[in-house]
Amino acid sequence: MIQFSNVFKRYENGHEALQNVSFHLPSGDMTFLTGHSGAGKSTLLKLMMRMEVATRGSVVIDGQQLSRLKPHHVPFLRRKIGVVFQDHQLLFDRTVFDNVALPLVIEGMDPREIGRRVRAALDKVGLLSKEKLSPIMLSGGEQQRVGIARAVVNKPPILLADEPTGNLDPQLSAEIMQLFRQFNAVGVTVMIATHDLELVQRMARRVMVLKDGAMIHDAPFKPQAATGGEG
Ligand SMILES: Nc1ncnc2c1ncn2[C@@H]1O[C@H](COP(=O)(O)OP(=O)(O)OP(=O)(O)O)[C@@H](O)[C@H]1O
């Protein structure tokens, strides 16, 4: 499903953010991506969404070689990928419902179908009763759940998250991770970039560790596997 082969990413200022990164994430798998600040985690996620393009090497998503993807095909790639950010990027002048509906409205979906899908997504994250509220009236954990509902509302086969629990306490972080686990359990391929090594260790999943742009660990869960990402 996701294949990186000898991927390098050099930004215009000459900074080499990724160096010779290779990994395969099969369909339906779940992995964590850890590493120090500036290690290249966000860059790796951006390459998958085609927000950035690899300088060398190949990124293949669902059989598509992204460096060969024509610009007008990029929106089709993005529909396959739900993305959750740390700051959840919600619109506070719209209701919870409207925030979650946004990707479907952009796609031009029939309003009745939008209603059905949005409520199904809000139900999955436990926020069905809050659809009419503004996100500003919700707690940080609830806001992050709205962000997750929006990421999954068009049922993407891939879910990426960049520090999704960065602002949350350990209890709420664990609940958010439980949601990712539930989506993975129904077949969604999940990759979560995070600094939170304690949480990663509790989740007992594959852990990939970046250091200065290089993949220094990629292993099934082992308590010591994640320690290389600190610092
Ligand atoms: N657009 C850009 N132009 C130049 N350099 C960049 C750009 N984006 C990121 N970088 C640099 O590339 C390196 C990797 O950044 P990236 O955001 O991928 O790291 P990260 O592991 O996600 O860090 P953090 O955990 O702090 O978010 C950093 O040194 C960063 O300053």
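Rules behind the numbers
Residues numbered from 1 in each chain as written. Predicted model: local features only at pLDDT ≥ 70, side-chain atom pairs only at ≥ 80, totals over all residues. Heavy atoms only, no water. Near = heavy atom within 4 Å. Polar contact = N/O pair within 3.5 Å; in protein donor to acceptor, adjacent residues only side chain to side chain. Helix = DSSP H or I, 4+ residues; strand = E, 2+ residues; numbered from the N terminus. Nonpolar A, V, L, I, M, F, W, Y, C, P; charged D, E, K, R; others polar. Buried < 20%, exposed > 50% of the residue type's maximum accessible area, 1.4 Å probe, protein only. Pairing = 2+ DSSP bridges. Right-handed = clockwise from strand over helix to strand, strands pointing away. Expected span 1.5 Å × (residues − 1). Contact = heavy atoms within 4.5 Å.

Visitor: Tell me about the site of the ligand, residues and numbers included.
Guide: In the region of the ligand, 13 residues are neighbours, and Ser37, Gly38, Lys41, Ser42 and Thr43 sit closest. One of the backbone N or O atoms of alanine 39 is found 3.1 Å from an oxygen atom in the ligand. For the shell around the ligand, the element with the highest residue contribution is helix H1 (residues 41–49), accounting for 3 residues. When its residues are assigned to classes, the shell around the ligand shows 3 nonpolar, 9 polar and 1 charged.

Visitor: Which residues make up the pairing of strand E7 (residues 158–162), and what are the values?
Guide: Among the 5 residues in E7, 5 count as buried, and that is most of the element. Burial along E7 is two-sided: Ile158, Leu160 and Asp162 facing one way and Leu159 and Ala161 facing the other are all buried. In this sheet, E7 lies alongside strand E6 (residues 81–85) in parallel orientation, the contact comprising 5 bridges. Its bridge partner being in E7, phenylalanine 85 is matched across the sheet by aspartate 162. Taking the sense of rotation as the criterion, the β-α-β connection linking E7, helix H6 (residues 170–185) and strand E8 (residues 189–193) turns out right-handed.

Visitor: Residues and numbers for helix H5 (residues 140–152), please.
Guide: For H5, with 13 residues, the first-to-last C-alpha span of 19 Å sits near the 18 Å given by 1.5 Å per residue. Counting buried positions along H5 gives 12 out of 13 residues, so the element sits mostly inside the fold. All of the buried residues along H5 are Gly141, Glu142, Gln143, Gln144, Arg145, Val146, Gly147, Ile148, Ala149, Arg150, Ala151 and Val152. Considering only its buried residues, H5 is in contact with E6, helix H3 (96–107), helix H4 (111–124), E7 and H6.

Visitor: An account of the environment of proline 75 is requested, with residue identities and associated values reported.
Guide: Tracing the chain through its elements places proline 75 in helix H2 (residues 74–79). Once the C-alpha coordinates of proline 75 and arginine 50 are considered, the two residues, 25 residues apart in sequence, prove to be 9.6 Å apart.

Visitor: Explain the pairing of strand E2 (residues 16–25) to me, using residue names and the numbers behind them.
Guide: The sheet contact formed by strand E1 (residues 2–10) and E2 spans 6 bridges and is antiparallel. For lysine 9, the partnering residue across the bridge sits in E2 and is leucine 18. Hairpin geometry of E1 and E2 is characterised by an intervening segment of 5 residues between the two adjacent antiparallel strands and by a positive phi of about 95° at glycine 14.

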